[in-house]
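# Structural description and commentary
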Amino acid sequence: METFITNLLNGLQYSSYLVIVSVGLTIIFGVMKILNVAHGSFYAWGAYTSAFFIGKFSDMGWPDAFGFVIIFASAIAVGLVLGFIIERGLLRFMYGRDEVVIILATFGLFLVLEDVILLVFGVDPYFAYQPMAYLESVEVGGITRDVYGLSLILVSTLVAAGCWYGLNRTKWGNILKAVIFDREMSVSMGINVPMVYTVTFIGGTALGALGGAYIAPTVSVAPGLGGEVIVLSFAVVVIGGMGSIPGALIGSILIGLLRAISVHEFPQIELFVIFAVMAVVLVFRPEGLFAPAKVRKI
Amino acid sequence: MTDSSPILKVEGLEKTFGAVVAASNINIDVQPGEIIGIIGANGAGKTTFVNMVTGYLTPSAGSIQFEGREMIGLPPRKVTQAGISRSFQVSQVFSTMTVEENILTALAIASNTGLGALRQMMRPELVSKCNDVLERYQIAQHRDHTAGTLSQGVRKLLDIAMAVISKPRILLLDEPTSGISVEEKFDLMDIVMTPLREDNVTVLFIEHDMEIVERYVSRVIAFYQGEIICDESPTEALADPKVQEYVIGTSHPHAKKGA
Amino acid sequence: MFFDRTSSIVVIALFACAVAGYFIPDWIMNQLMFGFARALAVLGLLVLWRTGLISFGHAFYFGLGAYTVALLDINLGVSDVFLRLVGAVLVSGVIGWIVGFVLRNYRDIFFAMLSLALSMVLYGIIVKTEALGSTDGFSISAPTFFGFAPDGKYPLFVFICVVCAICAVAVQMYLNSTLGWMTTAIRDNEVRVEYLGLSVANAVHVKYVLSAVLAGAAGCLMAMALGQVDPDSMVNWTASGELVFITILSGPGSVIAPFIGSVVFELLRTYAFEWAPHAWQLIVGGTLLTIILFLPGGVWSVIEKVVGKKS
């Protein structure tokens, strides 16, 4: 029983962080048709920014709880700055190129951003334990868990619910859906598509950064952070269906639980099982488990 | 007309997409050398019929026998290899290649047998055959033009020229004159039909223009809502009240719209 | 005609390199050796690219080739270069053939993603399996040639040059053949190709196996050139990304391009690493972006322009 709860909570926590990152990735793909490798770097940027400022403010004597403000502020700041610069300064010139070529461009961007992180923040790891210490720990079914980890589940639920609400219940959501469905038509309907792209990319970037910012207090923030998360979120997005928010959610939970169980029970198949699932989904349902309806071309 | 055995025998052909019936109870016997016009309003099932005969769509029921052999279940390439070829409503050409390269590609595939695929592409005998084709279809002056930049008429000719290279015994033309100006239509049909008649190729073509139908075909098959409503000689068919109401009434003689 | 000008240039240039290898300093020879070995995998990606397919997991076959060499060496003590090469080619070829039945029906982003998934499955297996060397990989004993165990790396360099020349000429012949030509046609209009009577799936399958074999051979040569194999630089997705990067850098224009592109990449990486150890990825990534934005034909298009102006 305890093992079960441990696995479940570990899995859900892991799923939660995947949800935040993957929803950003899948929204960007859905709207802009860009499978963004640099999303891993946004994650790393979020982690570094929040870890850096949590440390700084803590040194200045600010209360530990202020860390939570920093986490969200970092995510928004990274989204606004990096997202805006990259969309307007680089991706704008790539629209209309082959999807796969754009992936490569974002791979180039990923390499660049990885090193810019090192140049800005240095090679030494950062530890930003303050928010985690602030929330202390709690007993769940006989197991001691830190509340911070559990709060991640809450945050990701809010993110997913927020995205769903935004897409399905607001005017903005309708505009987005129109652009996803038919870009040309949206232009002729008077939708400012370039603007939609910019805002979408900033939003997606901020989500990627939020994943990193929120996870920062639980890990040592060190180089190479973005490389692992990006292939994992690729797996999530492919399994769920590229461009689908519910898909990203289900994909994350599936991968999260699989990983937690395999780490605990069969550590030797941890990585293998995730990508094997991805491959199997691609073979039998290439459009993903929850692909948005496609317009038939013939 | 019915004394020799049919080259194409279609029986009880049916196609449904979910609840939508795109074709039902289609029965056609085609004799070798016949030239048949298929008419009908947009959405009447003409292209669905061509797509089923050429292996693009699998029928829900029925049979298609070509020279006594069942065609259903064969992929398009096997249908082509068997001797049924087609052109397309929206011309399918290699738009990044030149006209010459398009023809060469078709020739290479037609002359391709097993390990022959490893032979060099640009062989002298292919190039000389290519010249013949370019002359016959009067597109030699466009030889070096990229296919994507061609005018509609030339592109149609190229599409049909490529379809004929495999030496089919039956050729299906899907609206060969759609999008072509009235003046050019007859020229195009003359260029296309002359070699086909010489080689005694059986032709079925979808056409909206009744003038073209009257001039070139020996038999008319009219489709309405997925069914054949008329299968007669052109004069009788065009006088048929059902055809008058459901086909000619709905499709303007010079209609250019694709489905 | 079949053995055309490009083939002659490849053979002469690689022969010249093989001879020059005797006189040039070791570090230059090493750079060339790594460059040429990797170029074979890039050649495989170029073959795929001609049909518009980009594999984000070609390190799968590169890794298979490399690990075949390592496992043959460790378990069976095979050190002969020919046996190692044959082993790597067989393994990557057979697995490529099997996988090809699925991948031949995939295009665009789905092709890229399924390739990625497969390579990560292999990576996941290797990293977690002690018998496969886990994260550390293996060292490989020095290669022998029909029982001779010569000193130094020069004989291996000559061997790599010869293998590269044979592969490049074979690929050039393939591209000039009817089947090779069809790869461009398939990229252009699959429906037309199918209706002309050619199996698109088969044509893509042949091409896929060819590219798998080339990457397998590349992995084999690289393993011997480095004297070791490890999962992170040979199987991980970043290794696949590197191969695609060199393909873009080289340009799809010619079978000569991958050789130039790989050597340029090798030098770029070495010098970037030397001058700016914390910014070499930045330099490499920046180069990739610059090429995609301003030089879609890769390095080859520059060479073509320069040579074209002369003649």
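Just so we're clear, the structure is a prediction, and the values are computed from it rather than from any experiment. (Residues numbered from 1 in each chain as written. Chains lettered and ligands numbered in written order. Predicted model: local features only at pLDDT ≥ 70, side-chain atom pairs only at ≥ 80, totals over all residues. Heavy atoms only, no water.)

### A look at the overall build of chain C
When helices and strands are counted, chain C shows 14 helices and two strands. Relative to the globule expectation of 19 Å for 311 residues, the C-alpha radius of gyration of chain C, 19 Å, shows essentially globular dimensions. Seen along its three principal axes, the alpha-carbon backbone of chain C occupies a region of about 55 × 50 × 40 Å. Split into buried and exposed, the 311 residues of chain C put 61% on the buried side. (Helix = DSSP H or I, 4+ residues; strand = E, 2+ residues; numbered from the N terminus. Rg over C-alpha atoms; globule rule 2.2 N^0.38 Å. Buried < 20%, exposed > 50% of the residue type's maximum accessible area, 1.4 Å probe, protein only.)

### Description of the overall build of chain B
Within chain B, the regular secondary structure consists of nine helices and ten strands. Relative to its length of 259 residues, chain B is compact, with a C-alpha radius of gyration of 18 Å against a globular reference of 18 Å. Based on the C-alpha atoms only, the size of chain B along its principal axes is roughly 55 × 40 × 40 Å. Split into buried and exposed, the 259 residues of chain B put 54% on the buried side. In chain B, once contacts between residues fewer than 6 apart in sequence are set aside, the share between residues at least 24 apart is 68%. Surface exposure of chain B reaches about 10,900 Å², of which carbon and sulfur atoms provide 50%. In chain B, the 23 positive side-chain charges and the 32 negative ones have mean positions that sit 7 Å from each other. (Contact = heavy atoms within 4.5 Å. Areas by Shrake-Rupley, 256 points an atom, 1.4 Å probe, with all protein chains shown as cover. Lys, Arg positive; Asp, Glu negative; His and termini not counted. Charge placed at Lys NZ, Arg CZ, Asp CG, Glu CD.)

### Observations regarding the sheet that holds strand 1 (residues 8-17) of chain B
Residues and elements named next belong to chain B. Spatially, four strands are ordered 2-1-4-5 in an open sheet, and the strand pairing comes out antiparallel. In the strand order of this sheet, the two ends are held by strand 2 (20-30) and strand 5 (69-70), each with one partner. As paired strands, strand 1 and strand 4 (residues 61-66) are joined by five bridges and run antiparallel to one another. Across the sheet, the residue bridging to glutamate 11 is serine 63, located in strand 4. Sheet strands touched by helix 1 (residues 46-53): strand 1, strand 2 and strand 4. Its angle to strand 1, the strand with the most contacts, is close to 115°. (Pairing = 2+ DSSP bridges. Axes fitted to C-alpha atoms, helices over the stretch in contact; angles between N-to-C directions.)

### A few points about helix 4 (residues 124-136) of chain B
Residue and element names in this part refer to chain B. Its 13 residues place the ends of helix 4 19 Å apart at the C-alpha level, agreeing with the 18 Å of an ideal helix rising 1.5 Å per residue. Residues of helix 4 that are buried make contact with helix 3 (99-110) and helix 5 (152-164). Phi turns positive one or two residues past the end of helix 4, at glutamine 138, with a value near 55°. (Expected span 1.5 Å × (residues − 1).)

### Observations concerning the side chain of Asp174(B)
All names here are of chain B. Tracing the sequence through the fold places aspartate 174 in strand 7 (residues 170-174). For aspartate 174, the side chain forms a polar contact with the side chain of threonine 47, separated by 3.2 Å. Each residue touching aspartate 174, except ones within four places of it in the same chain, is listed here: Thr47, Arg86, Ser87, Phe88, Gln89, Lys156 and Ile206. (Polar contact = N/O pair within 3.5 Å; in protein donor to acceptor, adjacent residues only side chain to side chain.)

### Remarks on the interface of chain B and chain C
The interface is formed by 31 residues belonging to chain B together with 21 residues belonging to chain C. Taken together, the two surfaces of chain B and chain C that pack against each other cover about 2,500 Å², and 62% of this comes from carbon and sulfur. Three residues, Arg77(B), Ile109(B) and Gln120(B), lead the burial of chain B against chain C; their summed loss comes to 25% of the area buried on that side. On the surface where chain B and chain C come into contact, there are two salt bridges. Between Arg192(C) and Asp159(B) there is a salt bridge, and its shortest N-O distance comes to 2.2 Å. The tally of links between chain B and chain C comes to twelve residue pairs in polar contact (both at pLDDT 80 or more). (Buried area = accessible area lost by both parts, 1.4 Å probe. Salt bridge = Lys/Arg side-chain N within 4 Å of Asp/Glu carboxyl O.)

### Some remarks on unusual backbone geometry
All names here are of chain B. Positive phi outside glycine occurs at glutamate 175, with the angle close to 50°. With respect to the element layout, glutamate 175 can be found in the loop between strand 7 and helix 6 (182-198). In this structure, asparagine 200 is a non-glycine residue whose phi angle is positive, near 55°. Among the structural elements, asparagine 200 can be located in the loop between helix 6 and strand 8 (202-206).

### What about the interface of chain A and chain C?
With 45 residues of chain A at the interface, the matching set in chain C holds 37 residues. Around 3,600 Å² of area is buried between chain A and chain C when both sides are counted, 81% of it from carbon and sulfur atoms. Where chain A touches chain C, the interface holds zero salt bridges. Remark: the boundary between chain A and chain C carries seven residue pairs in polar contact (both at pLDDT 80 or more). Counting residues per element, the ones that place at least two in the side of chain A that touches chain C are helix 4 (99-121), helix 10 (225-240) and helix 12 (270-284) of chain A.

### Here we look at the nonpolar core
Counting 264 residues, the largest nonpolar core has Met278(A), Ile103(B), Phe36(C) and Leu40(C) as the members making the most contacts within it. If near-sequence neighbours (up to four positions away) are discounted, Leu40(C) is found in contact with Val163(C), Cys164(C), Cys167(C), Leu214(C), Ala217(C), Ala218(C), Leu221(C) and Phe259(C). (Core = buried A, V, L, I, M, F, W, Y, C linked by side-chain atoms within 4.5 Å.)

### Concerning the packing of aromatic side chains
Residues and elements named next belong to chain A. For the coordinates displayed, the defined rule picks out 36 aromatic pairs over all chains. Between tryptophan 45 and phenylalanine 121 the ring centres are 5.9 Å apart and the planes differ by 70°, which places this aromatic pair in the edge-to-face class. One end of the pair, tryptophan 45, is in helix 2 (residues 39-59); the other, phenylalanine 121, is in helix 4, and 76 residues separate them in sequence. On the basis of relative accessibility, which here comes to 12%, the residue phenylalanine 121 falls in the buried class. The rings of Trp45, Tyr48, Phe52, Phe53, Phe121 and Tyr126 are connected pair by pair, giving a single aromatic cluster. Lying over the aromatic face of tyrosine 14, arginine 259 brings its terminal NZ or CZ to 4.0 Å of the ring centre. (Phe/Tyr/Trp six-rings, centres within 6.5 Å; stacked < 30°, edge-to-face > 60°. Lys NZ or Arg CZ within 6 Å of the ring centre and 35° of its normal.)

### Notes on the sheet that holds strand 7 of chain B
The pairing of strands in a sheet happens through backbone hydrogen bonds and is either parallel or antiparallel. Residue and element names in this part refer to chain B. What the six strands build is an open sheet, ordered 6-7-8-3-9-10; its pairing is mixed. Here the strands that pair on one side only, and so sit at the sheet edges, are strand 6 (84-86) and strand 10 (227-232). Each neighbouring strand pair of the sheet contributes to a mean axis angle of 20°, computed without reference to strand direction. Judged from the five bridges that link them, strand 7 and strand 8 form a sheet pairing that is parallel.

### A look at the pairing of strand 1 (residues 137-140) of chain A
Consecutive side chains of a regular strand alternate in pointing toward one face of the sheet and then the other. Both strand 1 of chain A and strand 2 (residues 143-146) of chain A contribute to a ladder of four bridges, which runs antiparallel. For Ser137(A), the partnering residue across the bridge sits in strand 2 of chain A and is Asp146(A).

### Re the pairing of strand 7 of chain B
All names here are of chain B. Counting buried residues along strand 7, five of its five residues qualify, which places the element largely inside the surrounding structure. The two faces of strand 7 match: Ile170, Leu172 and Asp174 on one face and Leu171 and Leu173 on the other face are all buried. In this view, the connection linking strand 7 to its parallel neighbour strand 8 by way of helix 6 has right-handed handedness. (Right-handed = clockwise from strand over helix to strand, strands pointing away.)

### As for a negative patch on the surface
A surface patch of like charges, here negative, comprises Glu183(B), Glu184(B), Asp187(B) and Asp190(B). Its place among the elements puts Glu184(B) in helix 6. (Patch = residues over 30% accessible without salt bridge, like charges linked within 9 Å, V, L, I, M, F, W, Y side chains within 5 Å.)

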